[in-house]
Amino acid sequence: MLWVLFLLVAWGAAALSCLRLCLAAASVDRARDPGEVELTLYETAFLTGGPHRVVDLALVTMHLRRRLLLAHTGWATVVDPEGRDEVERTVIRAIGPEGQSPIPPVRSATAAADAVRALADRLVRAGLALPGGERTDIASAVRAVRGSALLAAVMAGAALLLPGQGRGFGSPAAAELVWFGLPLGALAIARMEIHPYSSWASPTGQRLLDSVAAPVVGADHDVLAAVAVRGVRAVDDPALRAALSGGGHPAHPPHQGH
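Residues numbered from 1 in each chain as written. Predicted model: local features only at pLDDT ≥ 70, side-chain atom pairs only at ≥ 80, totals over all residues. Heavy atoms only, no water.

Chemist: Go over a nonpolar patch on the surface with me, naming the residues and quoting the values.
Modeler: Taken together, the side chains of L8, W11, W179 and L182 present a nonpolar region at the surface, about 410 Å² in accessible area. Those elements that place two or more of their residues in the nonpolar patch are helix 1 (2-28) and helix 8 (172-194). Along the chain, the position of L182 falls in helix 8. Owing to a relative accessible area of 49%, L182 belongs among the partly exposed residues under this scheme. (Patch = residues over 30% accessible without salt bridge, like charges linked within 9 Å, V, L, I, M, F, W, Y side chains within 5 Å. Areas by Shrake-Rupley, 256 points an atom, 1.4 Å probe, with all protein chains shown as cover. Salt bridge = Lys/Arg side-chain N within 4 Å of Asp/Glu carboxyl O. Helix = DSSP H or I, 4+ residues; strand = E, 2+ residues; numbered from the N terminus. Buried < 20%, exposed > 50% of the residue type's maximum accessible area, 1.4 Å probe, protein only.)

Okay, here's the thing in structure tokens:
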């Protein structure tokens with residue numbers, strides 16, 4: 001009956017991780033009525049993908065509107081040094097006075113800049129984004145659930161390998177699998193219940209994302225809206241997608257075309 005000990009370990013880990021995940025979710029599920037809110041594209045990008053999604057949206061916007069050239073080699077070149085908002089101006093400052101820079105350091109510097117932090121703070125104050133601590137608690141609880149699922153599978157395998165276990169339907173081994181399936185099922189249900197909580201949007205923010213379309217003006221609105229919601233993978237242009245995917249860049253910047 002050593003397999004019962006393995007089963008108790010699996011059940012205990014599943015119960016603790018499910019409880020932790022439920023408590024973490026309950027701590028952030030403070031329903032608020034955001035009122036009449038129209039999300040900007042930057043706000044949508046942050047709620048769906050965080051600071052780096054905001055930067056990717058700014059880079060694509062500037063590229064499509066000919067204020068920035070993003071080369072497939074991974075370099076950004078300033079075409080128009082006058083940014084239209086504080087995020088764009090931050091991108092231009094991150095590129096530097098020479099007007100050219102590899103894209104990865106520009107993305108990192110802009111994501112950590114005051115303009116993006118101010119956007120995040122506004123969304124947190126409005127109850128639409130999760131504060132950093134609560135975001136970490138949810139992510140940690142989800143990892144614990146995944147770890148418990150792996151432990152339950154390992155315990156089930158160990159139980160089946162014990163001496164004296166029969167094989168086939170109706171055997172002790174088959175019965176053990178049924179019992180080990182219970183904590184795995186509970187873990188799967190708990191994970192699915194928490195799935196709507198993204199790593200950035202609060203439950204209120206997620207509901208707003210699901211119900212409100214972000215207003216965009218311009219011929220490129222479909223591309224920008226797709227980038228805000230889905231990120232770089234929404235870009236159809238292979239050269240632009242290569243530029244934003246952080247591929248290797250040459251030691252020297254590309255020559256500017258005139």
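Let's pick the thread back up.
Chemist: Run through the pairing of strand 2 (residues 75-78), naming residues and quoting values.
Modeler: The alternating pattern of strand 2 places W75 and T77 and A76 and V78 on opposite faces, both of which are buried. In terms of strand pairing, strand 1 (residues 68-70) meets strand 2 through three bridges, oriented antiparallel. Paired with L68 across the two strands is V78, which belongs to strand 2. Counted along the chain from strand 1 to the antiparallel partner strand 2, the turn is four residues long, and its residue G74 has a positive phi close to 100°. Taken together, the three bridges between strand 2 and strand 3 (residues 100-102) define a ladder with antiparallel strand orientation. Bridged to A76 within strand 3 is S101. (Pairing = 2+ DSSP bridges.)

Chemist: Mind laying out the pattern of salt bridges, listing which residues take part and the relevant values?
Modeler: Within this structure, the stated rule accounts for six salt bridges. Of the charged contacts in the structure, one is a salt bridge between D56 and R107, with a shortest N-O distance of 2.9 Å. One end of the pair, D56, is in helix 3 (residues 51-64); the other, R107, is in helix 5 (residues 103-111), and 51 residues separate them in sequence. Classification of R107 by relative accessible area gives buried; the value is 11%. The partner of E86 in a salt bridge is R89, with the nearest N and O atoms 3.3 Å apart. Of this pair, E86 and R89 are both found in helix 4 (residues 86-95), three residues apart, which corresponds to roughly one turn of the helix. With relative accessibility at 37%, the residue E86 sits in the partly exposed group.

Chemist: Describe helix 10 (residues 221-230), with residues and values.
Modeler: The complete set of buried residues in helix 10 reads L224, A226, V227 and A228. Buried residues belonging to helix 10 abut helix 2 (41-49) and helix 3. Among the residues trailing helix 10, G231 stands out with phi positive, at a value near 85°. (Contact = heavy atoms within 4.5 Å.)

Chemist: Lay out unusual backbone geometry in plain terms, naming residues and giving numbers.
Modeler: Unusually for a residue other than glycine, R66 sits at a positive phi of about 60°. Along the chain, R66 turns up in the loop between helix 3 and strand 1.

Chemist: Report on the side chain of E88, specifying residues and quantitative values.
Modeler: Topologically, E88 is positioned in helix 4. Of the polar contacts made by the side chain of E88, one reaches the side chain of R67; its length is 2.8 Å. In this structure, E88 is in contact with Y42, T61, M62, R67 and G83, ignoring residues within four places of it in sequence. (Polar contact = N/O pair within 3.5 Å; in protein donor to acceptor, adjacent residues only side chain to side chain.)

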